[in-house]
Amino acid sequence: MKILGLTGPSGSGKAVVGQRFSERGIPVLDTDAVYHAWIERPTPCTEELARTFGKEILTPDGAVDRKRLAAIVFSDDDAEKTRLRTLNAISHRYVLESCRTWLEEQKKAGKRACIIDAPLLIEAELHKACDYVIAVLAPREIRLDRIVKRDGISREAAEARILAQKQDEFYKAHADFLFVNDGSLSMAQEFVEAVISNIFRHSETEKKKERYHV
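No experiment lies behind these values; they were computed from the predicted model shown. (Residues numbered from 1 in each chain as written. Predicted model: local features only at pLDDT ≥ 70, side-chain atom pairs only at ≥ 80, totals over all residues. Heavy atoms only, no water.)

Caption draft 1: Structural detail: the overall build of the chain. Check the secondary structure of the chain and you find nine helices and five strands. What you see in the chain, going N to C, is helices and strands ordered as β-α-β-α-α-α-α-β-β-α-α-α-β-α. Rg of the C-alpha trace for the chain: 18 Å, near the compact-globule value of 17 Å for 214 residues, within the 12% margin. Across its three principal directions, the C-alpha atoms of the chain cover 50 × 40 × 25 Å. The buried share among the 214 residues of the chain stands at 43%. Taking as baseline every contact in the chain between residues at least 6 positions apart, the subset at least 24 positions apart corresponds to 69%. For the chain, the exposed area adds up to about 11400 Å²; of that, 52% sits on carbon and sulfur atoms. Computed over 34 positive and 34 negative side-chain charges, the separation of the two mean positions in the chain equals 3 Å. (Helix = DSSP H or I, 4+ residues; strand = E, 2+ residues; numbered from the N terminus. Rg over C-alpha atoms; globule rule 2.2 N^0.38 Å. Buried < 20%, exposed > 50% of the residue type's maximum accessible area, 1.4 Å probe, protein only. Contact = heavy atoms within 4.5 Å. Areas by Shrake-Rupley, 256 points an atom, 1.4 Å probe, with all protein chains shown as cover. Lys, Arg positive; Asp, Glu negative; His and termini not counted. Charge placed at Lys NZ, Arg CZ, Asp CG, Glu CD.)

Caption draft 2: Spotlight on the packing of aromatic side chains. Counted by the stated rule, this structure contains four aromatic pairs. Aromatic pair W38 and Y94: ring centres 5.0 Å apart, planes at 55 degrees, arrangement tilted. Separated by 56 residues along the polypeptide, W38 in helix α2 (residues 31–39) and Y94 in helix α5 (residues 80–108) bring together distant segments of the chain. Grouping residues by exposure puts W38 and Y94 together as buried. With a centroid separation of 5.6 Å and 45 degrees between ring planes, the pair formed by Y132 and F177 is classed as tilted. Note that Y132 is positioned in strand β4 (residues 132–137) and F177 in strand β5 (residues 177–180), a separation of 45 residues in sequence. On the accessibility criterion, Y132 (0% relative accessible area) is buried. (Phe/Tyr/Trp six-rings, centres within 6.5 Å; stacked < 30°, edge-to-face > 60°.)

Caption draft 3: The arrangement of the layout of surface pockets in detail. One number sums up the size of the largest pocket: a volume of about 2200 Å³. Forming the walls of the largest pocket are 49 residues, and the residues nearest its centre are D32, F74, P119, L120 and Q165. Put simply, the parts of the chain that give the lining of the largest pocket at least two residues each are α1 (14–23), β2 (28–30), α2, α4 (66–73), α5, α6 (140–151) and α7 (155–164). Grouping the amino acids of the lining of the largest pocket by side-chain chemistry returns 23 nonpolar, eleven polar and 15 charged. (1 Å grid on protein atoms, 1.4 Å probe; cavity = no way out; pocket = protein on both sides within 12 Å on 5 of 7 lines; lining within 4 Å. Points joined across faces, edges and corners; volume = space filled by probe spheres on them. Nonpolar A, V, L, I, M, F, W, Y, C, P; charged D, E, K, R; others polar.)

Caption draft 4: Geometry of the nonpolar core. Grouped together as the largest cluster of nonpolar side chains are 27 residues, with contacts concentrated most on I39, L49, F53, L69, L87, I116 and L121. Elements that contribute at least two residues to this core include exactly α2, α3 (44–53), α4, α5 and β3 (113–117). Excluding its chain neighbours within four sequence positions, the residues that come into contact with L87 are Y35, L49, F53, L69 and V73. In this structure, L6, F21, I115 and I134 belong to the second largest nonpolar core, which totals 18 residues. (Core = buried A, V, L, I, M, F, W, Y, C linked by side-chain atoms within 4.5 Å.)

Honestly, it's all geometry; don't read function into it.
Rendered as structure tokens:
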């Protein structure tokens, strides 16, 4: 079974690419949804986060209040980066556990390929479990518009979010397949077909590093 990692910065439109793969019968695991499942009810993950960041991050029913947690983690001081690394270290461990279980389920189901959709695929070292990495990028202005419309935030807040993320060169350096998503569904479909054709045409020893730019 081929394992593909799908990643990209906020506003790149990678969900559109993931949907095209899903329509072709290739299952996609959304790690954001996996993380939310771990914190939306009492779990070992919520307990560990509460021990680390304080019980005030929990709601009365034992779930994590994401706004309270964010207010603590992203306090503007010298320890912000340390707190963020701690949060990621904890959450990534539980997400990885779910990913391993899911991958085993897909293998047992006889899937030829599957996709792990993770914004922090590379930072969490999930890419090491993948046969191929797909990076989705987009022009800055398009990303800004998507983030503002999707999250209902100001343009200034969207710009700050982009500045806080990895730059395009980071994703390009790790990608086997690269797609620049300007919103064309037909080009997204063409890209997906090209990736599918490539991963099943080459054996692991013949694996090619190919880039598809749109």
